[in-house]
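# Structural characterization, general
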Amino acid sequence: QASLNYQFLAISVTDETLSDINVRKAIREAIDVQGIIDGAYDGKATRARAIIPENMGLGYWADAPAYGPDVAKAKEYLAASGKSDITLKLTTTSQETDQTTAEIIQANLKDIGITVEIEAQDSAAFYEIPGGGGGGKDRQLVYSCYTSLPDPSWSIFWFTKAQIGEWNWCDWTSPSFEANYTAGIAEFDEAKRTEIYVDMQKEWDESASMAWILFPNFYFSGQSYVKPSIQPNGWVALWNFGVV
């Protein structure tokens, strides 16, 4: 089962180089997401095209675009930026899958002429909030995973204006994005809520401040006489197990 957790590459819009949307679009277009899933996760993950997975249902953007790898298109965006000889820092944890992913992204961006220097930190330093978490105030690219509960408001909350300087590592927001977030948590109609969250994801996508990578998969095995209980976010509710 695909979890509600999500792996992403945050692209800081406040960085001098990355403030150019064409550079951000070039990065997003160059990344080989399936190559990351195959190379770093042994194919055992579900590709993400936005922040909400299909199995959450509420807030799922069914028509979200899948980017890359398109080297030619990425180079077009980079040329449109007028920038060259770009070197960027990619911060992630020292976990094997994160470092492997960072190395794949490093190779992908090398193909379009961007040099990536990887900064691997231990988890304590990487997730130090408040503090220097996510590469600190001079962050550029950050590869990470956030966990979520079965409601889109929880997934998106960490990227609101209030979280800039803490967990919002792409450093992007907008007045309409914030207004929609407030409207979404006050709305009871599920269809209207989904429409609100899809609109938020569309606006976020236009900013090119995130490259969505994957939803980690959960795998289960058990005896035929065990009646399992699995929560919507993929967590096992051991207290609710029974016998068939």
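The coordinates are above.
Every value quoted in this text rests on a predicted model; they were computed, and no experiment measured them. (Residues numbered from 1 in each chain as written. Predicted model: local features only at pLDDT ≥ 70, side-chain atom pairs only at ≥ 80, totals over all residues. Heavy atoms only, no water.)

## Remarks on unusual backbone geometry
Geometrically, the link from Gly68 to Pro69 is a cis peptide bond, its omega value of -5° lying close to zero. Tracing the backbone through its elements, the reader meets Pro69 in the loop between β2 (45-47) and α3 (71-81). Ile129 connects to Pro130 through a cis peptide bond whose omega is -5°. Positioned with a positive phi, Asp171 is a non-glycine residue whose angle comes to about 60°. Checked against the element boundaries, Asp171 lands in the loop between α6 (152-157) and α7 (175-186). (Helix = DSSP H or I, 4+ residues; strand = E, 2+ residues; numbered from the N terminus.)

## Notes on the packing of aromatic side chains
Tallying each qualifying case throughout the model produces 22 aromatic pairs. Pairing Tyr127 with Trp167 gives two aromatic rings, centres 6.3 Å apart and planes at 35°, and the pair type is tilted. Of this pair, Tyr127 sits in the loop between α5 (123-126) and β5 (141-146) while Trp167 sits in the loop between α6 and α7, and the two are 40 residues apart along the sequence. A relative accessible area of 28% means that Tyr127 is categorised as partly exposed. Judged by centre distance (5.6 Å) and plane angle (70°), the ring pair of Phe177 and Trp204 falls under edge-to-face. Here Phe177, found in helix α7, pairs with Trp204, found in helix α8 (residues 190-207); they are 27 residues apart in sequence, far enough to count as distant. (Phe/Tyr/Trp six-rings, centres within 6.5 Å; stacked < 30°, edge-to-face > 60°. Buried < 20%, exposed > 50% of the residue type's maximum accessible area, 1.4 Å probe, protein only.)

## Details of the environment of Val116
For Val116, the location among the structural elements is in strand β4 (residues 114-121). Through-space distance from the C-alpha of Val116 to that of Leu141 is 9.2 Å; in sequence the pair is 25 residues apart. The residues contacting Val116, other than those within four sequence positions of it, are Leu88, Leu90, Gln106 and Leu109. (Contact = heavy atoms within 4.5 Å.)

## Focus on the pairing of β4
As paired strands, strand β3 (residues 86-93) and β4 are joined by 8 bridges and run parallel to one another. Among the inter-strand pairings, Thr87 is bridged to a residue of β4, identified as Thr115. Assessed by its sense of winding, the connection that carries the chain from β3 through helix α4 (residues 96-110) to β4 is right-handed. (Pairing = 2+ DSSP bridges. Right-handed = clockwise from strand over helix to strand, strands pointing away.)

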